[in-house]
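# A closer look at the structure
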Amino acid sequence: MVLTVVAGGLATALAANNAAPAAAPNPNCSLIIPANPLTAQGLATPYQLTATNAGGGPCNEANANQSAFVEAAILTNNGQLTLYDPLVIDQGTQPAAATVTPQVPAGSTVGIWFGFNGTNLTLQSANGANALQQGNCVNGTQGSIFGQFSYCNAPAFFQTANQQIQANMLQVPAAGTAKDGQACPTVRDFSVVDQDQSDNVVTHYVATGNGTTAQNNAASKAALQNQNLVDLANGSDNLLLTQFIDPALGCTPWTRPDQSSDGAASAALPLDELSAAANQQAPIALVPLNDPMTVNNNNQDPNKANLYRQGVDQTPIGGADNGSGTTYCQSFFGSANGIQRVFKDQAMFQNAPSVDAAMATNLFTFLAMRANQSFTNLGCGGLLNAANPITLTMNGNGVVTAATFTPLGQTTPVAAASCTPSASAGAPTAAGTASASAPAGMSATPTAGSAGASAPAAGTAPAGVGSATAMASTGTAPTAVVGTATSVAGTAGVPSTAAAMPSAGSTCTAAAGSSAPAAGSSTGTGASASPMPTATFGGGTGMRHHHHHM
């Protein structure tokens, strides 16, 4: 049985599926960075999660709506690259099982990346430590954090990695050819990106019934074998690519041994970005100025965008690449190498599992829904003077069942989805009034309460952040988990477009030009083949007002 953390979240991932939902969890948390974070001891020391503002309620790592994740890469001076996932625990608690101390040979370069299932994750140093400076950590710009994403020492890691690649000390495998005859996509492919590409991580933890957490490895599971463990995963574009899109297209991601998970081969954000830098052909998607995580007080901020790019091995804005949102939208929706590739490969993606069956029936309809939402949240309609080219069809439960693509300029804007309720259906409800559940690999803009964030507008189309997870050590099929987010009006020309949410028993087609459905009442997950249940975050209004991100 899959354990579901329902709308509003629970204090821990222990509660039964039919437990009454608690109050909406605090979406803004802080992560306390241990001293000397780039050393073996620093990596093995658990990070501590706490509320940024205690008045907003507690932050609990085992609550999948608030889980924070840390992912590190260790590169030796002779080109040996391994991964390590430092553990996150609640402030003032102890790990459920002892952490693994990684091997960090002298002369190694360590990079650290963060992901978050809430809205805004603020990094802070442990008491008496100077950890943020020791780790060269970047959370955003002064007064305006990125949201879910941050990093420590990433530019130095990528500089060393690229030098070793040039010297042939570190080899990046070729992306290969997909079953459609085209190159396998990377995280910089316009058929893969969403409104805020290159964010979040693929780290997994295990949570116990009492809300404590441990690293995902055999020793932890052996020590906790008599407890009901839950797998915690981060909503991630990287996870969407490596565990869903790649298998559907017959592609294989670049993986390296994860020292915190018994050396199991794992994908990771830094691997995906290095692979993209080596393999992605034009058009190449780089973080644009209208990315919701790089705007500053609703204004485009090249400095903040460049800080973000530095953390994911992307060149700074300049020259032919001016960070134009218009160019980004055109490549995303107007190029044959953008979302049109997903429609061209519809048959392949239709035969692949949905990231979340409560949102879309298969991988094709999920990706179409994700792109439909991204069109709205990037402000592409205003930038291109065109209506949303993706038309979605939903059933009475708001699940996307079909999608069509009409070339840009050939669609007529429609203010909202067209729904025809059945006799038993109730009145449709407005979507996006607070937040709505949404799936893996998606993301949305920041909400009020964080530096540089703007207040959400009622009726704004949501783009969800969620995650999908598979137990790497078992080889079982991925289990979908759901996340939530809301888009924010006023962000870099983002229009406030309303979408009607169909009630049970109705049928609904979101016409081209309207935004994607906000399945705010969904809490379902796909059946899990894993012996460990997967915590599901999301499921209704009052959930995460993200960010991003997933």
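Quick look at the structure, then. What you see is a predicted model, and the numbers here were worked out from it, not measured in a lab. (Residues numbered from 1 in each chain as written. Predicted model: local features only at pLDDT ≥ 70, side-chain atom pairs only at ≥ 80, totals over all residues. Heavy atoms only, no water.)

### A closer look at the overall build of the chain
Inclusion rule: For helices the rule is a DSSP run of H or I covering at least 4 residues; for strands it is a run of E covering at least 2, with both sets numbered from the N terminus onward. We call a residue buried when its accessible area falls under 20% of the maximum for its residue type, exposed when it is over 50%, and partly exposed in between, using a 1.4 Å probe and counting protein chains only. Using a 1.4 Å probe, the Shrake-Rupley method yields the accessible areas, and only the shown protein chains count as cover for residues.
Helix and strand counts for the chain come out as 12 helices and 26 strands. When each of the 550 residues of the chain is scored for burial, the buried share is 62%. For the chain, the accessible area works out to roughly 17,600 Å², and carbon and sulfur atoms hold 52% of it.

### Quick notes on the packing of aromatic side chains
The following threshold applies: A pair of Phe, Tyr and Trp rings is counted when the ring centres sit within 6.5 Å of each other, with Trp represented by its six-membered ring. The angle between the planes then sorts it: under 30 degrees is stacked, over 60 is edge-to-face, the rest tilted.
A complete count under the given rule lists 15 aromatic pairs for this structure. A ring pair is formed by Phe146 and Tyr308, whose centres lie 5.0 Å apart and whose planes are at 80°; its orientation type is edge-to-face. Of the two residues, Phe146 is situated in the loop between strand E10 (144-145) and strand E11 (150-152) and Tyr308 in helix H7 (residues 302-310); the sequence distance between them amounts to 162 residues. Taken as a pair, Phe146 and Tyr308 share a single burial class, namely buried.

### Describing the environment of Gly107
By the secondary structure assignment, Gly107 is in the loop between strand E5 (88-90) and strand E6 (109-116). Residue class for Gly107 comes out exposed when judged on its relative accessible area of 55%. As for Gly107 and Asn77, which are separated by 30 residues in sequence, their C-alpha atoms are 5.7 Å apart.

### Looking at the side chain of Thr109
What counts is decided by this rule: Nitrogen and oxygen atoms within 3.5 Å of one another constitute a polar contact, given that in protein one can donate a hydrogen and the other can accept it, and given that sequence-neighbouring residues count only through two side-chain atoms. Contacts between residues were defined by any pair of non-hydrogen atoms, one from each residue, lying within 4.5 Å.
Tracing the chain through its elements places Thr109 in strand E6. Of the polar contacts made by the side chain of Thr109, one reaches the side chain of Thr160; its length is 3.4 Å. When near neighbours in sequence (up to four residues on either side) are disregarded, Thr109 contacts Ala73, Ile74, Leu75, Asn153, Ala156, Phe157 and Thr160.

### Here we look at the packing of helix H3 (residues 154-166) against helix H6 (residues 269-279)
The line we're drawing: Fitting a line to C-alpha atoms yields each axis, with helices limited to the stretch in contact; the angle taken between N-to-C directions then spans 0 to 180 degrees. Angle categories are assigned with fixed cut-offs, so that under 35 degrees is roughly parallel, over 145 is roughly antiparallel, 65 to 115 is roughly perpendicular, and the rest are oblique. For any helix crossing, the convention is left-handed if the near helix is rotated counterclockwise from the far helix by under a right angle, and right-handed if that rotation is clockwise. Under the convention adopted here, Pro, Cys and the residues Ala, Val, Leu, Ile, Met, Phe, Trp and Tyr are nonpolar, Asp, Glu, Lys and Arg are charged, and Gly plus all remaining residues are polar.
Relative to each other, H3 and H6 sit at 45°, their axes nearing to 12 Å. Viewed along their axes, H3 and H6 adopt a mutual orientation that is oblique. H3 and H6 meet at a crossing whose hand is right-handed. Two secondary-structure elements touch here, H3 through Phe157, Phe158, Ala161, Asn162 and Ile165 and H6 through Pro270, Glu273 and Leu274. Taken together, the residues that form the contact of H3 with H6 break down as 6 nonpolar, 1 polar and 1 charged.

### Thoughts on the sheet that holds strand E1 (residues 28-33)
Heads up, the condition is: Any two strands are treated as partners once DSSP identifies two or more bridges connecting them.
Ordered in space as E5-E2-E1-E7, the 4 strands form an open sheet in which the pairing is mixed. Strands at the two margins of the open sheet, each flanked by one partner only, are E5 and strand E7 (120-125). For this sheet, the mean angle separating the axes of adjacent strands, direction not counted, is 35°. The pairing of E1 with E7 spans 6 bridges and is parallel. Bridge pairing in E7 links Ile33 to Ser125.

### A closer look at the pairing of strand E12 (residues 204-207)
In the case of a regular strand, side chains alternate between the two sheet surfaces. Every second residue of E12 is oriented toward a common face, with His204 and Val206 on one face and Tyr205 and Ala207 on the other, all of them buried. Of the strand pairs in this sheet, E12 and strand E14 (residues 230-233) are connected by 4 bridges, and their pairing is antiparallel. Note on E14: the bridge partner recorded for Val206 is Asp231. Pairing of E12 with strand E13 (residues 213-215) involves 3 bridges; the strand directions are antiparallel. Within E13, the position partnered with Tyr205 by the bridge is Gln215. Turn length for the E12-E13 hairpin, with the two strands adjacent in sequence and antiparallel, is 5 residues, and the turn residue Gly211 shows positive phi of about 90°.

### Details of helix H11 (residues 363-377)
Inclusion rule: One less than the residue count of a helix, multiplied by 1.5 Å, gives the span that helix is expected to have.
Between its first and last C-alpha atoms H11 spans 21 Å; for 15 residues at 1.5 Å apiece the expected length is 21 Å, and the two agree. Where burial is concerned, most of H11 is hidden: 15 out of the 15 residues are buried. If you check the start of H11, you find a side-chain oxygen 3.0 Å away from the backbone N of Phe364, and it comes from Asn362. At the exit of H11 stands Gly379, carrying a positive phi of roughly 70°.

### Let's talk about H7
Turn by turn, an α-helix covers 3.6 residues, leaving residues three or four places apart pointing in a common direction. When H7 is considered as a whole, its buried residues turn out to be Lys304, Ala305, Asn306, Leu307, Tyr308 and Arg309. Packed against the buried residues of H7 are strand E9 (140-141), E10 and E11. Structurally, the start of H7 carries an N-cap: the backbone nitrogen of Asn303 is 3.1 Å from a side-chain oxygen of Asp301.

### Section: the state of the cysteines
Heads up, the condition is: We call a pair of cysteine sulfur atoms a disulfide when they lie within 2.5 Å.
Taken as a whole, this structure holds 4 disulfides when the rule is applied. Across a sulfur-sulfur distance of 2.0 Å, Cys137 and Cys152 are joined as a disulfide pair. Sign of the S-S torsion, about 100° for the bond between Cys137 and Cys152, identifies this disulfide as right-handed. Linking Cys137 in strand E8 (residues 137-138) with Cys152 in strand E11, this pair joins segments that are 15 residues apart in sequence. By the burial criterion, Cys137 is buried, and Cys152 matches it.

### Remarks on the nonpolar core
Filter applied, for reference: As used here, the term nonpolar core means buried Ala, Val, Leu, Ile, Met, Phe, Trp, Tyr and Cys residues forming a set that is joined through side-chain atoms within 4.5 Å.
Leu31, Ile112, Trp113, Phe114, Phe149 and Phe157 are the most contacted members of the largest nonpolar core, which has 59 residues in total. Of the residues forming this core, the biggest block, 7 residues, is contributed by strand E3 (residues 68-75). Not counting residues within four places of it along the chain, the set of residues in contact with Leu31 comprises Tyr47, Gln48, Leu49, Ala68, Val70, Val88, Phe114, Leu121, Thr122, Leu123 and Gln124. If you look at the next biggest cluster of nonpolar residues, it comprises 45 residues, including Leu241, Leu249, Cys329 and Leu363.

### Let's talk about the sheet that holds E12
In space, the 3 strands of this open sheet follow the order E13-E12-E14, with antiparallel pairing throughout. Bordering the open sheet on either side are E13 and E14, each of which pairs with just one other strand. In this sheet, neighbouring strand axes are inclined to one another by 40° on average, regardless of whether the strands run parallel or antiparallel.

### Some points on the packing of helix H5 (residues 237-249) against H11
Between two packed helices, the angle of one axis relative to the other and the distance separating the axes together describe the packing. In the contact formed by H5 and H11, the axes pass within 12 Å of each other and the chain directions differ by 140°. In terms of their interaxial angle, H5 and H11 are classed as oblique. Relative to H11, H5 is oriented so that their crossing is left-handed. Mapping the contact onto sequence places Asp237, Leu240, Phe244, Ile245 and Ala248 in H5 and Leu363, Phe366, Leu367 and Arg370 in H11. Looking at side-chain class alone, the contact of H5 with H11 contains 7 nonpolar, no polar and 2 charged residues.

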